Amino acid sequence: MSMSMSSSLFFLFLFAHSAIAAATAPTVQTLTTSPSLFNPKLPPRALSSSKKFEGSSDLVHLRYHMGPVLSSNPINIYLIWYGRWALPQKLLIKDFLLSISTTDLRAAPSPSVAEWWRTVSLYTDQTGANVSRSVVVAGEHADLKYSHGNHLTRLSVQQVIANAVRSAPFPVDHKHGIYLILTSEDVTVQDFCRAVCGFHYFTFPSMVGYTLPYAWIGNSGKQCPEVCAYPFALPAYMGGGGPGALSPPNRDVGVDGMISVIGHELAELASNPLVNAWYAGEDPTAPTEIGDLCEGLYGSGGGGGYIGQVMKDGEGRTFNVNGRKGRKFLVQWLWSPELKACSGPNALD
Ligand SMILES: *[C@@H]1O[C@H](CO)[C@@H](O)[C@H](O)[C@H]1NC(C)=O
């Protein structure tokens with residue numbers, strides 16, 4: 001398919017801001033145990049597929065289309081930090097990625113990021129190989145000088161990757177590698193904040209020399225946290241970042257918001273890396289993937305305007321999974337091929 005077709009189609013769909021009920025502050029059940037559970041009543045993300053599919057799994061025909069999944073042991077993640085990133089932000093994102101592996105010795109208590117990834121590992125290819133449960137950060141490249149400027153297009157994202165894989169010692173790993181390009185909050189990207197918060201695809205040999213699965217995710221902190229870091233910021237018509245917004249688990253609205261988008265894209269990259277494996281819908285140019293099906297859903301009872309039941313720590317910060325080194329994260333649920341429903345490790349039943 002043509003580049004222009006493909007580039008416009010594979011992304012994380014956002015919700016339009018229409019037809020949304022008024023914001024109400026989260027209701028908090030005060031439990032004696034810590035962390036406490038609560039069920040924030042946030043306004044629905046209109047067009048959220050989690051609403052559409054919640055409790056109606058008959059409507060979802062997620063099918064396998066014979067292509068590969070990421071089954072290598074481990075999956076090598078290569079990070080491209082585009083723009084200016086603070087060290088604590090990088091460590092936070094890396095801790096999330098490193099929390100996926102079950103082999104991590106500093107295992108996190110349940111519900112954990114590794115348990116969240118278990119849903120992804122239930123997807124197999126035609127040889128019966130599962131998506132790997134082992135993920136490492138195999139390399140990092142800092143594009144500190146904004147090699148392709150402060151505004152990236154879908155095409156220049158591939159040029160940034162091409163540029164990075166030409167820089168020793170950052171390698172081309174076309175067997176086990178996936179590439180994550182993360183843009184800092186001062187970088188604008190084509191369709192960012194309007195149509196997408198992130199997307200995944202694969203590079204073209206004519207651009208990069210190889211077919212490499214990759215994803216881009218932007219830090220929306222300064223540009224559109226109410227869109228891409230929801231529910232840590234709310235749109236102005238709901239009172240902006242006021243009392244309705246949830247407190248981010250690591251005190252960084254932009255990066256905490258990115259984590260859930262990274263999780264969404266990574267789950268889809270793993271189960272549909274060349275966009276010919278697991279997706280729903282008849283049109284391969286507009287696949288609905290395992291993250292899309294559960295967007296906006298973070299806990300039990302979610303859907304129809306609720307993100308679902310999540311947890312709060314002693315300082316009121318919201319999360320639904322534990323990671324390494326005592327980290328906490330809020331990640332969206334994923335479509336389980338076993339349950340034929342959205343699922344996450346913080347499910348109450
Ligand atoms: C692999 O996937 C199959 C099908 O979903 C599942 O039954 C099995 O438990 C998975 N194996 C591992 C090791 O995750």
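This text gives an overview of the structure that appears in the document. (Residues numbered from 1 in each chain as written. Predicted model: local features only at pLDDT ≥ 70, side-chain atom pairs only at ≥ 80, totals over all residues.)

## Re the sheet that holds strand 5 (residues 135–143)
Working step 1: One open sheet holds the five strands; their spatial order is 5-4-7-10-9, and the pairing between them is mixed. In this open sheet, the two edge strands, each paired with only one partner strand, are strand 5 and strand 9 (198–202). Sheet twist, expressed as the average angle between the axes of neighbouring strands with direction ignored, equals 20 degrees.
Working step 2: Pairing of strand 7 (residues 177–183) with strand 10 (residues 213–218) involves five bridges; the strand directions are parallel. Residue Tyr179 lies in a different strand from strand 10, and its bridge partner there is Tyr214. (Pairing = 2+ DSSP bridges. Helix = DSSP H or I, 4+ residues; strand = E, 2+ residues; numbered from the N terminus. Axes fitted to C-alpha atoms, helices over the stretch in contact; angles between N-to-C directions.)

## Points about the pairing of strand 7
Working step 1: Burial within strand 7 is extensive, with seven of its seven residues counted as buried.
Working step 2: Residues Gly177, Tyr179, Ile181 and Thr183 line one face of strand 7 and the alternating positions Ile178, Leu180 and Leu182 line the opposite face, and both faces are buried.
Working step 3: Bridge count for strand 4 (residues 75–82) against strand 7 is seven bridges, and the pairing is parallel. Residue pairing for strand 7: Tyr82 is matched across the bridge by Thr183. (Buried ≥ 20, exposed ≤ 12 C-beta atoms within 10 Å, placed from the backbone.)

## Notes on unusual backbone geometry
For residues that are not glycine, phi is negative in most cases, and the peptide bond is trans in most cases.
Working step 1: For the bond running from Ser110 to Pro111, omega is -5 degrees, close enough to zero to count as cis.
Working step 2: Considering the arrangement of structural elements, one finds Pro111 in the loop between helix 3 (87–98) and helix 4 (113–121).
Working step 3: Going from Ala168 to Pro169, the amide bond is cis rather than trans, its omega being 0 degrees.
Working step 4: Considering the arrangement of structural elements, one finds Pro169 in the loop between helix 5 (154–165) and strand 7.
Working step 5: Although it is not a glycine, Val275 sits at a positive phi angle of roughly 55 degrees.
Working step 6: Summarising the element assignment, Val275 is placed in the loop between helix 8 (253–271) and strand 11 (278–280).
Working step 7: With 23 C-beta atoms counted inside 10 Å, the residue Val275 sits in the buried group.

That's the geometry; what it means functionally is another story.
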